[in-house]
Amino acid sequence: MQLDLIGFTKRFDGTPVVSGMDLSVASGEMIALLGPSGCGKSTTLFAICGIHRIDEGRLMFGERDVSGLPSQRRNVGVVFQNYALYPHMSVFDNIAFPLKVQKADKDQIRRRVGEMAELVHIETLLDRRPAQLSGGQQQRVALARALVRNPDVLLLDEPLANLDAKLRLEMRSEIRRIQQETGLTAILVTHDQVEAMSMCDRIALMNNGRIVQIDGPTRMYRDPMDKFVASFLGNPPISFVTPEDLPCFGAPKACAEIGLRPEHVGPQFGTGLTGEVRFVETQGREDLFDIALPSGRMIRSVQPAGSGLRPGQTVDWGYDAAELLCFDRQEVRL
Amino acid sequence: MKRMNWLGLGFLAPALLVIALFFLAPVIMTGFFAFTNMSTATGITGGDYMLNKSALRALGDAGLPDATLEKLEDAGYAVDEKGLAALAAQIDQETADEFARLHGGESFATRRDVERALKDLRQNRIRKTRDRKAAAELFKRSVLNERFGTEAEFRAALTAGGIAPRDHDQITAQAYTGWVWTTENVELLFTLPSTWRYAANTAIYVAFTLSFNVGFGLFLAISTFYLPAAQAATFRAIWFLPRILPPVLYVLMWKWFTWDTGFLSTVTGWFGMSPKNWMLDSPTHAWTTIVLINGFVGASMGMILFASAIRAIPASMLHASEVDGANRWQQVRYIILPQLRWPILFTTAYQTLSLLTSFEYILLATDGGPGRATEVWALAAYHTALNNYGGNLQYGLGAAFALVLVIIGILASLFYLRLFNFRQLVGKPLIEG
Amino acid sequence: MRHNYRNWPILLVLGIFSTPLLIMLVFQVVDSFTLKQPGSLIPSGFTLEHFRFLWEELDTGRAGIWRVTLNTFIFATTTATVVTAIALTAGYALSRLNFPARGFFLAGLIVLHAFPTVTLIIAIFLILQILGLYDTLIGVIIVKTALELPFGIWIMKGFYDTVPWEIEMAGVQDGASRLRVWWQLVLPQVQPGLMAILIFSFLSGWSEFILPLVLAPGSDAQVLATYMQALILDDTKADFDLFKAVGLFYALPVVVIYVIFQNKLMNIYGGGSKG
Ligand SMILES: Nc1ncnc2c1ncn2[C@@H]1O[C@H](COP(=O)(O)OP(=O)(O)OP(=O)(O)O)[C@@H](O)[C@H]1O
Ligand SMILES: [Mg+2]
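Residues numbered from 1 in each chain as written. Chains lettered and ligands numbered in written order. Predicted model: local features only at pLDDT ≥ 70, side-chain atom pairs only at ≥ 80, totals over all residues. Heavy atoms only, no water.

This is how it is decided: UniProt positions are given in the numbering used here, feature names are shortened, and annotations may be inferred rather than shown by experiment.
As annotated in an unreviewed UniProt entry, chain C carries the name Maltose/maltodextrin transport system permease protein MalG and is attributed to Pseudoponticoccus marisrubri. UniProt lists a comment for chain C under the heading Subcellular location (unreviewed entry), and it reads "Cell membrane". In its Function (unreviewed entry) section, UniProt records this for chain C: "Part of the ABC transporter complex MalEFGK involved in maltose/maltodextrin import. Probably responsible for the translocation of the substrate across the membrane."

Named according to an unreviewed UniProt entry, chain A is ABC transporter originating from Pseudoponticoccus marisrubri. The Sequence similarities (unreviewed entry) comment attached to chain A in UniProt states, word for word, "Belongs to the ABC transporter superfamily."

**Some points on the overall build of chain C**
To keep things clear, this is the line we draw: Helical segments are the DSSP runs of H or I of at least four residues, strand segments are the runs of E of at least two, and each set is numbered from the N terminus. Here a residue-residue contact requires only that any non-hydrogen atoms of the pair lie within 4.5 Å. Surface accessibility follows the Shrake-Rupley procedure with a 1.4 Å probe radius. Residue values consider only the protein chains on display as shielding.
Helix and strand content of chain C: 11 helices and two strands. Starting at the N terminus and walking to the C terminus, you meet the elements of chain C as α-β-β-α-α-α-α-α-α-α-α-α-α. Projected onto its principal axes, the C-alpha coordinates of chain C cover approximately 75 × 65 × 30 Å. Sequence separation of at least 24 residues holds for 71% of the intrachain contacts in chain C that already meet a minimum separation of 6. Within the structure as shown, chain C displays about 11,100 Å² of accessible surface, and the carbon and sulfur contribution to it stands at 67%.

**So, the overall build of chain A**
Defined as follows: The rule is simple: take the accessible area with a 1.4 Å probe, protein chains only, and divide by the maximum for that residue type; under 20% is buried, over 50% is exposed, in between is partly exposed.
On a plain count of helices and strands, chain A comes out with eight helices and 18 strands. Based on the C-alpha atoms only, the size of chain A along its principal axes is roughly 75 × 45 × 35 Å. Burial statistics for chain A: of 334 residues in total, 54% are counted as buried. Residue pairs in contact within chain A that sit at least 24 positions apart in sequence constitute 64% of those at least 6 positions apart. Of the roughly 14,800 Å² that chain A leaves accessible, carbon and sulfur atoms contribute 47%.

**Points about the nonpolar core**
Rule in force here: Remark: nonpolar core denotes a set of buried residues (Ala, Val, Leu, Ile, Met, Phe, Trp, Tyr, Cys) joined through side-chain atoms within 4.5 Å.
Counting 231 residues, the largest nonpolar core has Ile-187 of chain A together with Tyr-250 and Ile-336 of chain B as its most contacted members. Every residue in contact with Ile-336 of chain B, bar those within four places of it in the chain, is listed here: Ile-222, Phe-225, Tyr-226, Ile-310, Ile-313, Leu-318 and Gln-331 of chain B. One finds Ala-32, Leu-163, Met-199 and Leu-233 of chain A within the second-largest nonpolar core, a separate group that totals 49 residues.

**Quick word on the state of the cysteines**
Residue and element names in this part refer to chain A. So the rule is basically this: Here, the term disulfide refers to a pair of cysteine sulfur atoms separated by no more than 2.5 Å.
For the structure on display, the rule yields zero disulfides over all chains. Left unpaired, Cys-255 is separated from the closest cysteine sulfur, that of Cys-326, by 3.6 Å. A relative accessible area of 9% means that Cys-326 is categorised as buried.

**Points about the interface of chain A and chain C**
Let me state the cut-off plainly: A quick way to say it: buried area is the sum, across both parts, of accessible area lost when two parts are put together, with a 1.4 Å probe. By definition here, a salt bridge exists when the distance from a side-chain nitrogen of Lys or Arg to a carboxyl oxygen of Asp or Glu is within 4 Å.
In this complex, chain A contributes seven residues to the contact, which on the side of chain C involves four residues. Considering only the surface of chain A that becomes buried against chain C, Ile-51, Arg-53 and Gln-72 of chain A emerge as the three largest contributors, covering 69% of it. Linking chain A with chain C are zero salt bridges, by the criterion used here.

**Points about the site of ligand 1**
Residue and element names in this part refer to chain A. For clarity, the threshold we go by: Working definition: residue near molecule or strand if any one of its non-hydrogen atoms lies within 4 Å of it. In protein, a polar contact means a hydrogen-donor-capable atom and an acceptor-capable atom, both N or O and within 3.5 Å, with residues adjacent in sequence counting only if both atoms are side-chain atoms; elsewhere, any N or O pair within 3.5 Å suffices. Under the convention adopted here, Pro, Cys and the residues Ala, Val, Leu, Ile, Met, Phe, Trp and Tyr are nonpolar, Asp, Glu, Lys and Arg are charged, and Gly plus all remaining residues are polar.
Around ligand 1, a shell composed of Phe-12, Val-17, Ser-37, Gly-38, Cys-39, Gly-40, Lys-41, Ser-42, Thr-43, Glu-158 and His-191 is seen. Contact distances for ligand 1 include 2.4 Å between an oxygen atom and a side-chain N or O atom of Ser-37. For ligand 1, an oxygen atom lies 2.7 Å from a polar atom in the backbone of Gly-38. Relative to its free-state accessible area of 630 Å², ligand 1 is covered by the protein chains to the extent of 58%. Top element by residues in the shell around ligand 1 is helix H1 (residues 41-49). It accounts for three residues. Taken together, the residues of the shell around ligand 1 sort by class into three nonpolar, six polar and two charged.

**Things to note about the domain arrangement of chain C**
Residues and elements named next belong to chain C. The line we're drawing: Segmentation into domains, and thus their bounds, comes from an automatic or database assignment.
Per the domain assignment, the segments of chain C are domain 1 (2-47) and domain 2 (63-269). Here the C-alpha centroids of domain 1 and domain 2 sit 33 Å apart. When the two sides are added together, the surface that domain 1 and domain 2 hide from each other amounts to roughly 500 Å², 53% of it contributed by carbon and sulfur. A per-residue breakdown of the area domain 1 buries against domain 2 is headed by Gln-28, Asp-31 and Ser-32, which together make up 72% of the total.

**Digging into the pattern of salt bridges**
Residues and elements named next belong to chain A. On inspection of all chains with the given rule, the structure shows 30 salt bridges over all chains. Residues Asp-55 and Lys-10 are paired through a salt bridge, measuring 3.8 Å at the closest nitrogen-oxygen approach. In this pair, Asp-55 sits in the loop between H1 and strand S4 (56-61) while Lys-10 sits in strand S1 (residues 3-12), placing the two residues 45 residues apart along the sequence. Here Asp-55 falls in the partly exposed class, since its relative accessible area comes to 32%. A relative accessible area of 7% means that Lys-10 is categorised as buried.

**Observations regarding the UniProt feature "domain: ABC transporter" (unreviewed entry) in chain A**
If you check UniProt for "domain: ABC transporter" (unreviewed entry), the listed places come out as residues 3-233 of chain A in our numbering. Measuring from the first to the last C-alpha atom of residues 3-233 of chain A gives 26 Å, for a span that is 36% helix and 26% strand.

**Points about helix H6 (residues 165-173) of chain C**
Residue and element names in this part refer to chain C. Put simply, the rule is: Think of the arc as the fan of directions from the helix axis to the C-beta atoms.
Listed in full, the buried residues belonging to H6 are Trp-165, Glu-168 and Gly-171. Angular distribution of buried residues about the axis of H6 spans 130°; they occupy a single face of the element. Opposite its buried face, H6 presents the exposed residues Glu-166 and Gln-173, each directed more than 90 degrees away. Buried positions along H6 lie against helix H2 (65-96) and helix H7 (178-186). Looking at the residues trailing H6, positive phi occurs at Gly-175, about 95°.

**Quick word on the interface of chain B and chain C**
Chain B puts 112 residues into the contact, and the matching count from chain C is 109 residues. With both sides pooled, the region where chain B packs onto chain C buries about 10,200 Å², and carbon together with sulfur makes up 79% of that total. Run the count over chain B and chain C and you get zero salt bridges. Counting the contacts that link chain B with chain C gives three residue pairs in polar contact (both at pLDDT 80 or more). Per-element tally for the side of chain B that touches chain C: the top contributor is helix H1 (residues 2-34) of chain B, with 21 residues. Each residue belonging to the side of chain B that touches chain C can be placed in one class, and the counts come to 82 nonpolar, 22 polar and eight charged.

**Quick look at the sheet that holds strand S16 (residues 298-304) of chain A**
For clarity, the threshold we go by: Should DSSP find at least two bridges between two strands, the strands are regarded as paired.
With antiparallel pairing, five strands are arranged side by side in an open sheet as S13-S17-S14-S15-S16 (chain A). With one partner strand each, in any of the chains shown, strand S13 (265-266) and S16 of chain A form the two edges of the open sheet.

**A short note on a nonpolar patch on the surface**
Residues and elements named next belong to chain C. So the rule is basically this: Two distance rules govern patches: like charges are joined within 9 Å, and nonpolar side chains (Val, Leu, Ile, Met, Phe, Trp, Tyr) within 5 Å, applied only to residues with over 30% relative accessible area and no salt bridge.
A cluster of nonpolar side chains, namely Trp-8, Leu-12, Val-13, Ile-16 and Phe-17, defines an oily patch on the protein surface of about 530 Å² accessible area. One can find Val-13 in helix H1 (residues 8-33). Judged by relative accessible area, which is 32%, Val-13 ranks as partly exposed.

Here it is as structure tokens:
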């Protein structure tokens, strides 16, 4: 089911929190709503599932305008950040709840819940209470509950935020698998760029209540529209220098700042960029260097471990000129 | 370590003192008083020794020989100070003086003898027969109707009256006017038909009021939860008023509402009904009013407790149920109510006990009326011991009524101790001192 | 508020249920200040005549209103102060200090807190008679204090429980005695609790009816509650306008306090008192 959000605006107490947002998600596509804390991701998600009223704009599920409908009649499945499982119900009853309130008959409920349990691999947990489950298991129950009604759209609000690092990796691929198996249109809210890039077909990057750029992960990383996008994506983050720091690089006239990603700085790119090593962070497979340029600006570089460089040493490295990102004074990409 | 102990006990001491004196002592004393026959007649401190007609009758029933009874009633006539003083008051001083001069200290066997002596006075003869009869009566000395402060005096009087010593104990016990230990009250509780009536009334009162309190409290909490903040606050404030207003005033408002010149009568008057007192005209109306009066107050406690419990439910859980398709009724039924189980249990337990024992609003509203239709157990205890129309306050019996409630109260409070998670409360102080 | 559901059905039902209460409240105020034709509910004019009890004696057998008001005020303030003072130390002891049989005292506190005090009224009546405190204001004050204490201590203990241990530990580390830590570091943290108990016991004392009725029925120790009830019972022809004016006068401090401290009061009443 195709989802279109057109000119969506949401105000709290008169202050707009999201203004004039357009978003369209193709049928079967999984899109990430990514952005810094407080940029309006949850607000957008809640507006889509009907918990918040849409102050301005329209929300279309396929040909259907659902803007004025209450949550109950939108047929969306939502996985909440803290899962919001009903603590007084068994896992079975939790998953069955959306069917039960529709007064579906018992056999159908049992069959459907069975299917869902199988899909998310929790067949053996159906009699337990949520409190008796691990975080990952709760997550699966929440997914099953969101999917049991055959929703038109699946919404996930930071579904992995409460999991430890290992589980997070596992659930990432689980969620993606389930989304692809069911062929659902899905929106994933996250502030974790790795999550967004690894799970989703496209990313909608938000800032201050607006979408700054929508693109596939690779495209967005390599071809950011402005400085915000460039600096938000990438870990370790991008460094910014002025054209004067790179005299050999023929920067365009309007260029006010140049972005240099850490993996594009190093001895393998020749010489011409001298500086002093200030700080070395060992990350196991790689080392991360903070290098002070003669102007005082800092740049970062990632290198395979084992260079033996120490803080205080001076290096003369090069950069990948093809990958430099130029921005004008308005921080827009040139 | 030692110092710490003293600081703790010192901090606690004032509370312990006051509580022991006016909280624990009354609990124990209720037990004691319940097994006495204290009443207005017996007083609450010691008593005197006095025989009266009904005591004689009781002694006769108990098998004391008639001869002894007669002796008790009639111990002859003696010209003594007391009689002379009475004579002076009734006739005049000179008569009394002369009588004292002639016959002071003498005893006479019968009234005729005294009358003769009075008739024979020289200067101040009493002429009228009726006056002489009355005057002679002043010198009658009998144990009957005379008050003795101590047991010894009473026994001396008995000896003087020639009563056989073996009867003294029985007579003394009967003559004692103070209170004595007895199990009569408890027996009365189980035999009086009105006791069962009060128990039944109490059951009705608690059952209906409690259902109203919890049900309506839930309704208020849930309905205000669904309203915008300002509206919700307004309704909560209104419904909190019955609790905060002084009971006397609050019940007055109800009295006006139901009085024969009040609101209901006026409004029904517009439709041609004759005015009546809607509170007291029938037991059903009386009960309805009582339940509403208490219920409007009690519901606010439920309202507050339930409302804060509802607020404690994570918003995302409510959001989830809405997204899952629950309508309002389903949200209340499946999500909110199950999570209020504990506060509902607590409110029910707490209010059961306080309703069982409270009588303030009933006392103010119907005072147990009409008839005894709304007389509950606690009110009966109050009426028996502290305020009744007969005027003889039966402290002992009232205490027996109260004792039943005190015992229920103690058992129920111990039960709450288990309800509250006690060990959690007793968490040890972190600074060991 | 949940916008997925409509408001008006709720408003409607709540409104209907609240009507009797609202009628009583509105007419309580309106009738105190207005004249009405018999059999009518609509006021026909403003008057202060119903407040005549303030400047003239209603009847000779009764103490004057100002004397009674003073009694009530003394009763309520003394009770409130004493309860607060005692609860302040006892609550701290139960919450924070180590002493023998602490668990027993805590258990006792819960039992007393739940215990229905009205059942003791007969025994208390007799004890006061024996002590010679019957029919005195001081007697009622002591009794009211004792009965109010468990609740006060309970609430106060709750407030002490929320003060972080770290504050006290730091104080003790800095070399202050526990007494001083309590006085200088902990007490300021529990000021809201202190206020709450003060207000609560004041209101409770101001409204108390049964205790003065039973323990001090004489005219010297009369308080507004018993004064008003006696007035209502005495009159052969019920003059509700007068009663309401007296009631309004009586309830004025309560209403003022309620308006100022509404939220605080709701919280503390949630701790449970009268059913
Ligand atoms: N109910 C509300 N009332 C007023 N302001 C709100 C409300 N909910 C959110 N906001 C404001 O709206 C803005 C966007 O909030 P939102 O929850 O959508 O952020 P977010 O992108 O989800 O952030 P996070 O990553 O921290 O969850 C924030 O500035 C927040 O303070
Ligand atoms: Mg969020």
